[in-house]
Amino acid sequence: MSSQGYAIELYFDPSLENQVLKAWNVFARRQISTKLINNESRPHITLFSSSFIDSTKLEPILKSFSSKQEPISLSFSSIGSFSNDNNALFLSPTPSLSLLQLQVQLCEVIKKEGFEIGEEYRVDSWVPFCPVAVDVPKSRISEGFLVLRDLKLPVNGYAMDIGLVKFSPVREVFSFGLGNNLES
């Protein structure tokens, strides 16, 4: 069984999302990595993840939290990789104060509700990134970097929505627009 869990993700405006999808498609076409596309994931930055989340308890919290936020300007200005088992390549946003504050505030809100905040999502250790390829064979990491260097960086846009997904496979449980761009 593949890993199971939940993640709170930040989604982008359509234009920025398409830029990232373009990269995913190149990785898939070159057969470097197809997992993100096969998973039916959306381009995102993970704000928080946990192996178990009571989504019914989280939904009103996230809805209220999202409504108080504004869309955030993002600039993916660098590329990187994690050298752990899943050989991920990613785009890294310039860490703006508004992005860092959003993540800190989110964790504070859900911690108040009794959710456990794991080490990697605590204030001093959270690293914002947008995955573009996962499970890249070691022998093809350098090729992956070349693909990413062909993206004309920085890639700019906005974070527009916060969603909760369940994985794997990835299924969106719900999502809310930041600020009042999605009054229901």
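Just so we're clear, the structure is a prediction, and the values are computed from it rather than from any experiment.

A. The arrangement of helix 4 (residues 97–112) in detail. Spanning 16 residues, helix 4 covers 22 Å between terminal C-alpha atoms, matching the ideal 22 Å at 1.5 Å per step. When helix 4 is considered as a whole, its buried residues turn out to be Leu99, Leu102, Gln103, Leu106, Cys107 and Ile110. Projected onto a plane normal to the axis of helix 4, the buried residues spread over an arc of 125° and lie on a single side. Exposed side chains of helix 4 directed beyond 90 degrees from the buried face belong to Leu97, Lys111 and Lys112. Buried positions along helix 4 lie against strand 1 (5–12), strand 2 (44–50), helix 3 (55–67), strand 3 (72–82), strand 4 (88–93) and strand 6 (155–167).

B. Spatial organisation of helix 1 (residues 14–29). Across its 16 residues, helix 1 extends 22 Å between first and last C-alpha, which sits within 8% of the 22 Å expected from 1.5 Å per residue. Taken residue by residue, helix 1 has Leu16, Glu17, Val20, Ala23, Trp24 and Phe27 as its buried positions. With its buried residues spanning 120° around the axis, helix 1 presents them on a single face. Opposite the packed face of helix 1, turned more than 90 degrees from it, sit the exposed residues Pro14, Lys22 and Arg29. With a side-chain oxygen positioned 3.0 Å from the backbone nitrogen of serine 15, the residue opening helix 1 is aspartate 13.

C. Just the pairing of strand 3, in detail. Sheet topology places strand 3 next to strand 6; 5 bridges connect them, and they run antiparallel. Of the residues in strand 6, the one forming a bridge with serine 75 is asparagine 156. Pairing analysis gives 6 bridges linking strand 3 to strand 4, with the strands arranged antiparallel. By the bridge assignment for strand 4, phenylalanine 82 is matched with alanine 88.

D. Spotlight on the environment of isoleucine 110. Here isoleucine 110 lies in helix 4. Of the residues examined, isoleucine 110 reaches a relative accessible area of 0% and is grouped as buried. Considered as a pair, isoleucine 110 and valine 165 are 55 residues apart in the sequence and their alpha carbons are 16 Å apart. Every residue in contact with isoleucine 110, bar those within four places of it in the chain, is listed here: Ile8, Phe48, Leu58, Ile61, Phe115 and Ile117.

E. A look at the environment of leucine 21. Position of leucine 21 among the secondary structure elements: in helix 1. Taking the C-alpha atoms as reference points, leucine 21 and arginine 42, separated by 21 residues in sequence, lie 8.3 Å from one another.

F. Structural view of unusual backbone geometry. Each neighbour pair has its own omega, and for leucine 153 with proline 154 the value is 0°, a cis peptide bond. Along the chain, the position of proline 154 falls in the loop between helix 5 (141–149) and strand 6. Between serine 168 and proline 169 the backbone carries a cis peptide bond, its omega angle lying at -5°. Of note in the backbone geometry, glutamine 31 takes a positive phi value of approximately 55° without being a glycine. Inspection of the secondary structure assignment puts glutamine 31 in the loop between helix 1 and helix 2 (35–38). Phi is positive for glutamate 40, which is not a glycine, with a value near 55°. Along the chain, glutamate 40 turns up in the loop between helix 2 and strand 2. What makes glutamate 40 exposed here is its relative accessible area of 56%.

G. Quick look at the environment of leucine 91. In this fold, leucine 91 is placed in strand 4. Using a relative accessible area of 1% as the deciding quantity, one classes leucine 91 as buried. The contacts of leucine 91, once residues within four sequence positions are left out, are Val20, Phe76, Ser78, Ile79, Phe129, Cys130, Val132, Leu148, Leu151 and Leu153.

Analysis parameters
- Residues numbered from 1 in each chain as written.
- Predicted model: local features only at pLDDT ≥ 70, side-chain atom pairs only at ≥ 80, totals over all residues.
- Heavy atoms only, no water.
- Helix = DSSP H or I, 4+ residues; strand = E, 2+ residues; numbered from the N terminus.
- Expected span 1.5 Å × (residues − 1).
- Buried < 20%, exposed > 50% of the residue type's maximum accessible area, 1.4 Å probe, protein only.
- Arc of directions from axis to C-beta.
- Contact = heavy atoms within 4.5 Å.
- Polar contact = N/O pair within 3.5 Å; in protein donor to acceptor, adjacent residues only side chain to side chain.
- Pairing = 2+ DSSP bridges.

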